[in-house]
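Examination of the molecular architecture
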Amino acid sequence: MSNIRVPNQDAQLQYLIAYLLQQADRTDTAAAIFRSGLFMPPAEAFDNIATCMREQANELKKHLILTILAEDHTP
């Protein structure tokens, strides 16, 4: 029995991480706009959302170094 890598897994995960970080940056921009208008509760909420997105991206980065393997059942 041998193991093979699942095709494009790292590329898809890298895309998702980049997308989360991009959205976190946009959310930070929205928070800054709310903060400049002295709308502090929405600004804090958007800051919290951006922080959560970055934490999730950091969690996903850990999986880039782990190889997802699938069993190869070819004879």
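Provided above is the structure to which this section pertains.
Let me begin by describing the structure that accompanies this report. (Residues numbered from 1 in each chain as written. Predicted model: local features only at pLDDT ≥ 70, side-chain atom pairs only at ≥ 80, totals over all residues. Heavy atoms only, no water.)

**Comments concerning the packing of aromatic side chains**
Evaluation of the coordinates by the stated rule reveals three aromatic pairs. On the basis of an interplanar angle of 85° and a centroid distance of 6.4 Å, the ring pair of Phe 34 and Phe 39 is categorised as edge-to-face. Among the aromatic residues, those joined into a cluster by ring pairs are Phe 34, Phe 39 and Phe 46. (Phe/Tyr/Trp six-rings, centres within 6.5 Å; stacked < 30°, edge-to-face > 60°.)

**Points about helix H2 (residues 40-64)**
Side chains of residues three or four places apart in an α-helix project in the same direction, reflecting 3.6 residues per turn. Compared with the 36 Å implied by 1.5 Å per residue over 25 residues, the 37 Å span of H2 between its first and last C-alpha is a close match. The complete set of buried residues in H2 reads Ala 43, Ala 50 and Ala 57. (Helix = DSSP H or I, 4+ residues; strand = E, 2+ residues; numbered from the N terminus. Expected span 1.5 Å × (residues − 1). Buried < 20%, exposed > 50% of the residue type's maximum accessible area, 1.4 Å probe, protein only.)

**Notes on unusual backbone geometry**
Of note in the backbone geometry, Leu 38 takes a positive phi value of approximately 60° without being a glycine. Of note, Leu 38 is situated in the loop between helix H1 (9-36) and H2. Residue Leu 38 is classed as exposed on the basis of its relative accessible area of 70%.

**What about the pattern of salt bridges?**
Any two side chains of opposite charge can pair if their charged atoms end up close together. Under the definition given, this model contains four salt bridges. Put simply, Arg 54 and Asp 25 hold a salt bridge, and the shortest N to O gap is 2.7 Å. Taken together, the residues Arg 54 in helix H2 and Asp 25 in helix H1 connect sequence positions 29 residues apart. With its nearest N and O atoms 2.3 Å apart, the salt bridge here joins Asp 47 to Arg 35. Of this pair, Asp 47 sits in helix H2 while Arg 35 sits in helix H1; the two residues are twelve residues apart in sequence, bridging distant segments of the chain. In this structure Asp 47 comes out as partly exposed when scored by relative accessible area, which is 24%. If you follow the salt bridges from partner to partner, you end up with Asp 25, Asp 28 and Arg 54 in one network. (Salt bridge = Lys/Arg side-chain N within 4 Å of Asp/Glu carboxyl O.)

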